[in-house]
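# Descriptive structure summary
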Amino acid sequence: MRILMLVFWMFCVLEVKVEGFLRWRAMAGSVSEENGGGRSSDMISGGQRCPSGDSLSEWRSCEQVENGTPSTSPPYWDTDDDDDCGPKPSELYGKFTWKIENFSQINKRELRSNAFEVGGYKWYILVYPQGCDVCNHLSLFLCVANHDKLLPGWSHFAQFTIAVVNKDPKKSKYSDTLHRFWKKEHDWGWKKFMELSKVFDGFIVGDTLVIKAQVQVIREKSDRPFRCLDCQYRRELVRVYLTNVEGICRRFVEERRTKLGKLIEDQPRWSSFCAFWLGMDHNAKRRMSREKNDTILKHVVKQFFIEKEVTSTLVMDSLYSGLKALESQSSNQKLRIKLTELEESSPPIVRVEKDMFVLADDVLELLERAAAESLPPLKDDKGPQNRTKVNLDCQSEGNSGEDFNKDSIERDERRLTELGRRTIEIFVVTQIYR
C-alpha cells in the first residue's frame, strides 16, 4: 500500500495521468450471445448462429467424427484437468445414435428417442418431422429427461452437437450449441435445423433417418481456466471454430497492445514512468513485478467464458493449455516443452513461480516488447473448413490422409496452446501494470 500511495503522490506532483496504469486490480466485463433456442423460445426460435453471427450450418465428415487420431504432442494436450478430484471432461462426454425407421410413413407431430445417460444426467432427442412452429423444416432438440422430477434448483450446463447423417459422409449436417438447461429451459436446439426438401437428398436410406448426438456436460470453474472438452470432441470442434478462437484472442491482445503502445508513444508520460521505475529500489520493483495467480486467473475466466457463446469452451481449453505451457516453461519437470515447439513462439514474458505470476524480464523492456509483439497469423487461415476435402486433396497427391490428420491435429493443438499462452501473458502484464 505504501508503494501505491507513493506512486499516486509522485504522479500527482508531476501532473501525469497514466490512466490507471499502476492499478493492482481490474474487473473484466463480458458480453453474451444466443445460440440455438428452446421450443418456446422467442429469442432465436431455433435459429443457427456461429460466434460471428453468421449462419451455423456446418457439414462435417462422419468418418472424421468417429475416428480419432492420438497425438504425440505435450501430455497436457490430451489430459483432462487434473487439479482436483472431480469428474474429468472425458467422463462427462458421450454419444448417442438414433435410427428412425419408416420415416416417410410417420404422421406424428413429434418423436422422442430413448433416454440416454451422459455426465450422470439422462437426456433424449426430440424431433419434429414437419417442424415445430415452422413450416417445411426439420426441428431437432436435446431435452433433459424427467425434468419435472428433478430437485428444485437443478441445472445442467452442456455443449452439444446434433447431426443428421447423409449416405455421403461429407454431406452430413451438423450444428453445435452451448446451453444451461434448467426448469424453464429444459429443451434446446433448432426449429430450423434443415429444410425438409433436403432431407430426402441422401439423408434417408432404406426409409431410415439416422440422428447422432454428442453431449459434453461442463463442470465450470470461476477461479482459473479449466478443461471443458473431451479431447476427441475438442479436435472435431476446433476444425470448425479455430479461426473464431483466433479472432477472440487476437482482438483482446491487440486491444491491450494498443493501450500500452499509446502510453509508450506519449513521451512525457512514458519518461515520467521510466524515471519513477528506475528510481525504485530492488525490493520495491520485485513486489510490483508479481501478482498472485488466483487474483488474475479469476478475471481471465470472467473475461473469456461467456455462457451463451459456443466457442467459449474452446477458448477456455486454449487458455488452460496456455497456462500449462507457462507452468511447464517455468519448471524443470519432464513436462517442460521447448519454446521452439510452439508455433511462431517468442521468449516468455511471464513466469509462474508457485502461486505467483512473475514478469520475466526488465519491466521497461518487457512493456515495450508486449506493446510491439502481435500474434502471428494462422499459416492457412481459410476460415471454417471441411477437413474431409483437405484429406482427399492430400491423398490425391500421394500422401496418407491418416498422416495429414495427425499433422493437422498437432498443428491445431499447437496453435490453441500458443493463443492461450500469449493471451494469458498480455492479460497478466496489463493487470499488474494497468
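Owing to the predicted nature of the structure, the values given are computational and were not obtained by experimental measurement. Chains are numbered independently. Their residues run from 1 in the order of the written sequence. Where local features are concerned, this predicted model is filtered to residues with pLDDT of at least 70; where side-chain atom pairs are given and counted, the filter is 80 or more; whole-chain, interface and lining totals use all residues. Hydrogens are left out, water is left out, and the side-chain values use all remaining heavy atoms of the structure.

### Thoughts on the packing of aromatic side chains
- Ring geometry is summarised as follows: Phe, Tyr and Trp rings, the Trp one being its six-membered ring, pair when their centres sit within 6.5 Å, and such pairs are stacked at plane angles under 30 degrees, edge-to-face over 60 and tilted between the two. Overall, the coordinates contain 15 aromatic pairs when judged by the stated rule.
- Relative to W123, the ring of Y121 has its centre 6.4 Å away and its plane inclined at 75°; by these criteria the two rings are edge-to-face.
- When accessible area is computed with a 1.4 Å probe and restricted to protein chains, residues below 20% of their type maximum are described as buried, those above 50% as exposed, and intermediate ones as partly exposed. For W123, a relative accessible area of 0% corresponds to the buried category.
- Aromatic pair F252 and F427: ring centres 5.4 Å apart, planes at 20°, arrangement stacked. Highlighted residues: F252 in helix α4 (residues 231-265) and F427 in helix α11 (residues 401-432), separated in sequence by 175 residues. Across this residue pair, the class does not change: F252 and F427 are buried.
- Joined through ring pairs, the aromatic side chains of Y121, W123, F160, F181, W190 and F193 make up one cluster. Labels follow the DSSP assignment, with helices taken as runs of H or I lasting at least four residues and strands as runs of E lasting at least two, numbered in each case from the N terminus.

### Brief notes about the side chain of S172
- Within the secondary structure layout, S172 lies in the loop between β7 (155-164) and β8 (173-182).
- Within the structure, S172 has its side chain in polar contact with the backbone nitrogen of N166 (distance 2.9 Å). Definition of a polar contact: a pair of N or O atoms within 3.5 Å, with one able to donate and the other able to accept a hydrogen when the atoms are protein atoms, and with sequence-neighbouring residues admitted only if both atoms are side-chain atoms.

### Some points on the nonpolar core
- F357, L359 and Y433 are the most contacted members of the largest nonpolar core, which has 62 residues in total.
- Where this core is concerned, the elements lending two or more residues are α4, α5 (267-278), α7 (293-304), α8 (312-329), β13 (350-353), β14 (356-359), α9 (363-372) and α11.
- It is α4 that contributes the most residues to this core, 13 residues altogether.
- Those residues within four positions of L359 in sequence are excluded, and the remaining contacts are S289, I349, V350, R351, L366, V428, V429, I432 and Y433.
- Here, nonpolar core means buried Ala, Val, Leu, Ile, Met, Phe, Trp, Tyr and Cys residues that are tied together by side-chain atoms lying within 4.5 Å of each other. F96, F116, L142 and I204 belong to the second largest nonpolar core, which has 34 residues in total. Pairs of residues are marked as contacts when any of their non-hydrogen atoms sit within 4.5 Å.

### A short note on the confidence of the model for the protein chain
- Chain-level pLDDT for the protein chain is 79 on average; 72% of the residues reach the 70-or-more range.
- A score from 0 to 100, pLDDT tells how confident the predictor is in each residue. Predicted confidence for residues 1-35 stays below pLDDT 50, and this span has 75 contacts to residues more than four positions away or in other chains.
- In the model, residues 333-344 has pLDDT below 50 throughout and makes 32 contacts with residues more than four positions away in sequence or in other chains.

### Points about the sheet that holds strand β12 (residues 290-292)
- Strand order in this open sheet of three strands is β12-β14-β13, and the pairing throughout is antiparallel. In the strand order of this sheet, the two ends are held by β12 and β13, each with one partner. Within this sheet the neighbouring strands show an average axis-to-axis angle of 25°, counted without direction.
- Criterion used throughout: strands pair if DSSP finds at least two bridges between them. In this structure, β13 lies alongside β14, joined through four bridges in antiparallel fashion. Considered in β14, the bridge of R351 is made with V358. Angles shown run from 0 to 180 degrees and are taken between the N-to-C directions of axes, each axis being a line fitted to C-alpha atoms and, for helices, limited to the stretch in contact.

### Remarks on the packing of α4 against α8
- Two numbers describe how α4 lies on α8: the axes approach to 9 Å, and their chain directions differ by 85°. Judged by the angle between their axes, α4 and α8 are roughly perpendicular. Where α4 abuts α8, its residues R234, L237, V238, Y241, V245 and I248 lie against L314, V315 and D317.
- Residue composition of the contact of α4 with α8, grouped by class: seven nonpolar, no polar and two charged. Each angle gets one of four labels, with under 35 degrees taken as roughly parallel, over 145 as roughly antiparallel, 65 to 115 as roughly perpendicular, and the rest as oblique. When residues are grouped by polarity, Ala, Val, Leu, Ile, Met, Phe, Trp, Tyr, Cys and Pro land in nonpolar, Asp, Glu, Lys and Arg in charged, and all others, Gly among them, in polar.

### Considerations on the pattern of salt bridges
- The salt bridge definition used is simple: a Lys or Arg side-chain nitrogen within 4 Å of an Asp or Glu carboxyl oxygen. Evaluated as defined, the whole model comprises 25 salt bridges.
- A salt bridge links D133 to K191; its shortest N-O distance comes to 3.5 Å. Of this pair, D133 sits in the loop between β5 (121-128) and β6 (137-144) while K191 sits in strand β9 (residues 187-195), and the two are 58 residues apart along the sequence.
- Here R235 makes a salt bridge to E413, at a shortest N to O gap of 3.2 Å. On the criterion of sequence distance, the pair formed by R235 in helix α4 and E413 in helix α11 is long-range, its members being 178 residues apart.
- Among the charged side chains, a network of salt bridges with common partners joins R227, R234, R235, D317 and E413.

### Observations regarding unusual backbone geometry
- With a phi angle near 50°, N102 is a residue other than glycine that sits in the positive phi range.
- Take N102: it is sitting in the loop between β2 (93-100) and β3 (111-112).
- The backbone of K354 shows a phi angle near 55°, a positive value even though the residue is not glycine.
- Within the element layout of this structure, K354 appears in the loop between β13 and β14.
- Relative accessible area serves as the criterion here: at 83%, K354 is assigned to the exposed category.

### Considerations on the packing of α4 against α5
- Orientation of α4 relative to α5, taken along the N-to-C sense of each, is 90°, at an axis distance of 5 Å. Judged by the inter-axis angle, α4 sits roughly perpendicular to α5. The segment α4 lies against α5, with K262, L263, I264 and E265 engaging Q267, R269 and W270.
- Residues that form the contact of α4 with α5 fall into these classes: three nonpolar, one polar and three charged.

### Observations concerning the environment of L111
- With respect to the helices, strands and loops of the structure, L111 is situated in strand β3.
- Taking C-alpha positions, L111 is 5.8 Å from L126, a pair spaced 15 residues apart along the chain.
- Excluding residues that lie within four positions of it along the chain, L111 makes contacts with W98, I100, I106, I125, L126, V127 and P129.

### Overview of the environment of P89
- Tracing the sequence through the fold places P89 in the loop between α2 (62-66) and β2.
- For the pair formed by P89 and R219, sequence separation is 130 residues and the distance between their alpha carbons is 7.9 Å.

### Description of a negative patch on the surface
- A patch consists of residues whose relative accessible area exceeds 30% and which take part in no salt bridge; residues with like charges are grouped when within 9 Å of each other, and nonpolar side chains (Val, Leu, Ile, Met, Phe, Trp, Tyr) when within 5 Å. Throughout, the Shrake-Rupley method with a 1.4 Å probe supplies accessible areas, and for residues the shown protein chains are the sole cover considered. For the charge count, each Lys or Arg is scored as positive and each Asp or Glu as negative, with His and the chain ends excluded. Where a charge lies is defined by one atom per residue type: Lys uses NZ, Arg uses CZ, Asp uses CG and Glu uses CD. Where like charges cluster on the molecular surface, the negative patch consists of D361, D362, E365 and E368.
- Tracing the chain through its elements places D362 in the loop between β14 and α9.
- With a relative accessible area of 34%, D362 lands in the partly exposed category.

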